[in-house]
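Fold and contact review
Here is what each chain is made of, one letter per residue.
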Amino acid sequence: MDPILELRGVTKHYQGFALRDVSFSLPRGYVCGLIGPNGAGKTTIVKMILGLVRPEGGEVRVCGDDPVYAERAVKDRIGFVHEVPAYYGHLRMGSIASIVRPFYRRWDQPLFEALVREFEIPTNTWFDSLSRGTRTKAALALALAHHADLLVLDEPTAGLDPVFRRSLLERLSAYVEDGHASVLFSTHLTSDLERMADYITFIRDGRVMFSSTREQVFDRWFIVKGDPRLLDDSIRQALAGVDVGPHAFTGLTSDPAAIRRRLAGRDAVVEAATLDDIMYYVGRSC
Amino acid sequence: MLRNALRKDLLLNARHLWGIVPWFLWVAYAMTEPEAGRITAVGAAFIGSLMATTIGAREDKLRTTATLASLPVSRGTLVEARYLVAYIVGAATYLIVVMAAGLPWSVQRAAELCELKTLLLTLTLASAAIAVLMPVVIRFGLLGVLVFLGVFQLLGVGLMVAFEFFGSRSSVGVFSAIERGIAALHAGLEQPVVILETLAIVGLAIWLSFRLSVFLAKRRDL
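None of these values were measured; they are calculated from a predicted model. (Residues numbered from 1 in each chain as written. Chains lettered and ligands numbered in written order. Predicted model: local features only at pLDDT ≥ 70, side-chain atom pairs only at ≥ 80, totals over all residues.)

Once that is clear, we can look at the overall build of chain B. Looking only at helices and strands, chain B features ten helices and zero strands. Order of helices (α) and strands (β) in chain B, N terminus to C terminus: α-α-α-α-α-α-α-α-α-α. A compact globule built from 222 residues would reach a C-alpha radius of gyration of about 17 Å, and chain B, at 19 Å, matches this within 12%. Each principal axis of the C-alpha atoms in chain B carries an extent, and together these give about 50 × 50 × 35 Å. Taking all 222 residues of chain B together, 34% fall into the buried category. Contacts spanning at least 24 positions in sequence make up 82% of the contacts within chain B whose residues lie at least 6 apart. (Helix = DSSP H or I, 4+ residues; strand = E, 2+ residues; numbered from the N terminus. Rg over C-alpha atoms; globule rule 2.2 N^0.38 Å. Buried ≥ 20, exposed ≤ 12 C-beta atoms within 10 Å, placed from the backbone. Contact = placed C-beta atoms within 7 Å.)

The structure is reproduced here in structure tokens:
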């Protein structure tokens with residue numbers, strides 16, 4: 001499959017933090033969730049895709065181009081929403097759009113106006129006076145209005161009400177339906193991705209813990225709950241992480257068959273894991 | 001794209017550039033002083049260019065740098081637009097002073113302010129300010145401007161103290177020497193050789209400053 005986005009062995013060092021050998025790709029027509037705790041390196045990766053941060057090693061490719069050297073061509077194909085949407089606060093939405101519009105070859109003004117109406121963005125209010133959620137909606141309208149091949153959204157649902165959040169997720173799913181565009185969705189709110197991500201990339205402390213399809217993730221990881229007295233060394237070794245309470249233990253396993261065999265007929269259950277569970281236990285096991 | 005970047009900078013900063021307006025009340029007053037015409041025009045262009053140069057610092061303060069750099073425009077073009085805006089604002093402020101010479105109470109002659117040597121001196125001083133400050137703004141943003149101005153101030157104070165206590169001449173003499181140097185350059189700018197030399201030095205300084213700014217802008221992580 002033709003990847004619209006590809007990172008190969010990307011490294012970057014900061015004081016007290018480093019991205020190490022980050023590799024993953026996103027084919028056309030899919031949604032990829034970039035998950036990880038705060039400070040894991042998600043925003044740095046998003047910035048590298050936009051060419052705002054230069055990798056020290058490895059390669060970033062968007063539609064086959066390097067964002068640092070083909071910056072104009074790459075950014076013309078990307079619709080972005082930064083973690084904290086920042087535009088000049090003393091301008092109104094219309095003025096901001098009039099500045100942004102000429103830069104994009106495929107800007108669609110009727111679509112932009114329809115999005116502003118649909119998202120109920122006030123056009124006569126200073127950008128600084130908008131709520132956090134409305135600023136994000138404004139950034140989304142700008143990102144969606146130029147038929148981008150790749151939407152790069154950094155924590156786009158933060159500050160949004162549940163109703164708009166759900167409709168946004170539906171819109172993003174629809175956006176990739178024609179198989180031409182893709183969405184990279186960075187978040188630590190994993191429930192958003194369980195609904196719509198085709199690929200999940202989990203990053204922690206600057207390293208990719210796993211990057212695979214949603215089905216592969218949910219087929220691999222399971223939650224095990226049981227009486228803490230069942231927790232012997234062999235069970236512990238089969239768990240990627242475990243919490244032990246006075247009455248029960250909870251752990252994550254990538255080998256549910258083995259766990260089921262060992263705990264068959266005893267006071268324990270093996271059930272589907274959520275992305276939250278996976279992020280929590282895989283992160284702790286490192 | 002340069003046109004878009006230029007338009008962006010002018011639109012985004014129009015409100016801040018209105019901050020120059022109160023200064024022009026003083027310009028209107030200065031038109032009544034017989035000796036103040038040239039220095040007001042040169043000073044206006046110098047300050048206008050300097051203010052426009054700090055656009056990047058305001059973008060840092062408002063945290064819009066990353067957003068603007070995410071638009072489909074190269075960093076080189078964004079830097080180019082900043083240089084152009086600095087010159088446009090400098091030229092506009094100079095033009096306003098020339099127009100102020102036409103005020104009913106003015107004792108200045110607009111034609112005198114438009115002499116080639118005065119225009120060239122203005123270009124030289126404004127270019128020097130832009131050439132020195134722009135790379136600092138591009139690389140370090142608001143903090144860079146503050147540190148730069150602070151260091152410049154301290155350097156001046158340090159020089160004054162050093163000359164007062166250890167020098168054979170008073171620091172006033174040093175500043176007078178700078179003033180005399182500018183006056184000598186102004187007078188010399190009537191000679192074709194000096195004009196060519198000055199234009200060559202200004203052009204080289206701005207080109208080097210621009211190349212350095214582009215280099216720094218491309219390597220800056222946002």
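This part is about the pairing of strand E2 (residues 17-27) of chain A. Residues and elements named next belong to chain A. Pairing between strand E1 (residues 3-14) and E2: eight bridges, direction antiparallel. Bridging across to E2, Leu 5 finds its partner in Leu 26. Where E1 folds back on E2, the antiparallel hairpin that results is connected by two residues, among which Gly 16 adopts a positive phi of roughly 85°. (Pairing = 2+ DSSP bridges.)

Turning our eyes to something else, we now look at the environment of A:Ile235. Residues and elements named next belong to chain A. For Ile 235, the location among the structural elements is in helix H9 (residues 233-237). Counting along the chain gives 18 residues from Ile 235 to Thr 253, while the straight-line C-alpha distance between them is 9.5 Å. The residues touching Ile 235, leaving out its near neighbours within four places in the chain, are Leu 230 and Arg 262.

Our focus in this paragraph is the sheet that holds strand E12 (residues 249-253) of chain A. Residue and element names in this part refer to chain A. The antiparallel open sheet is built from four strands, whose spatial order is E11-E12-E10-E13. The open sheet terminates on both sides in strands that have one partner only, identified here as strand E11 (239-244) and strand E13 (268-272). The average undirected angle you get between the axes of adjacent strands in this sheet is 20°. In the sheet, strand E10 (residues 222-226) pairs with E13 via five bridges, with the strands oriented antiparallel. Bridged to Val 224 within E13 is Val 270. Set on the sheet, helix H10 (residues 256-263) makes contact with E10, E12 and E13; between it and E13 the angle comes to about 160°. (Axes fitted to C-alpha atoms, helices over the stretch in contact; angles between N-to-C directions.)

Residues and elements named next belong to chain A. Under the domain assignment, chain A is made up of domain 1 (3-218) and domain 2 (221-285). Distance between the C-alpha centres of domain 1 and domain 2: 34 Å. Taken together, the eleven residues of domain 1 in the interface contact nine residues of domain 2. Looking at the side of domain 1 that touches domain 2, the elements with two or more residues in it are helix H7 (190-196), strand E8 (199-204) and helix H8 (214-220). A per-class count over the side of domain 1 that touches domain 2 returns eight nonpolar, one polar and two charged. (Domains from an automatic or database assignment. Nonpolar A, V, L, I, M, F, W, Y, C, P; charged D, E, K, R; others polar.)

As a further point, take the interface of chain B and chain A. At the junction of the two partners, chain B supplies 20 residues and chain A supplies 21 residues. Among the secondary structure elements, those contributing two or more residues to the side of chain B that touches chain A are helix H1 (2-17) and helix H5 (65-69) of chain B. For the side of chain B that touches chain A, the element with the most residues is H1(B), which contributes five residues.

All names here are of chain B. Running from N to C, helix H8 (residues 116-166) and helix H10 (residues 192-219) point in directions that differ by 15°, and their axes come no closer than 9 Å. It follows from the interaxial angle that H8 and H10 lie roughly parallel. The handedness of the crossing between H8 and H10 is left-handed. Counted together, Leu 120, Leu 123, Thr 124, Ser 127, Ala 128, Ile 130, Ala 131, Met 134, Pro 135, Ile 138 and Arg 139 of H8 and Ile 195, Thr 198, Val 202, Ala 205, Ile 206, Ser 209, Leu 212, Ser 213, Leu 216 and Ala 217 of H10 form the full contact between these two elements. In the contact of H8 with H10, the residues fall into 15 nonpolar, five polar and one charged. (Parallel < 35°, antiparallel > 145°, perpendicular 65-115°, else oblique. Left-handed = near helix turned anticlockwise from the far one by under 90°.)

All names here are of chain A. Taken in spatial order, the six strands make up an open sheet running E5-E6-E7-E3-E8-E9, and their pairing is mixed. Each edge of the sheet is formed by a strand with only one pairing partner; in this case those strands are strand E5 (78-81) and strand E9 (207-213). The mean angle between the axes of side-by-side strands here comes to 15°, regardless of whether they run parallel or antiparallel. With five bridges connecting them, strand E6 (residues 150-154) and strand E7 (residues 182-187) associate as parallel partners. Among the inter-strand pairings, Leu 153 is bridged to a residue of E7, identified as Phe 185. The sheet contacts of helix H1 (residues 42-49) involve strand E3 (31-35), E6, E7 and E8, and relative to E6 the element is tilted by about 150°. Packing against the sheet, helix H5 (residues 132-144) makes contact with E5 and E6, and its axis sits at approximately 175° to E5.

Let's shift gears to the confidence of the model for chain B. Residues and elements named next belong to chain B. On average, residues of chain B score 84 in pLDDT, and 92% of them are at 70 or above. Mean pLDDT in chain B bottoms out at helix H4 (residues 55-61), which sits at 70, and peaks at H10, which reaches 93. Here the complex is predicted with pTM 0.82, and the ipTM for its interfaces comes to 0.81. (pLDDT = per-residue confidence, 0-100.)

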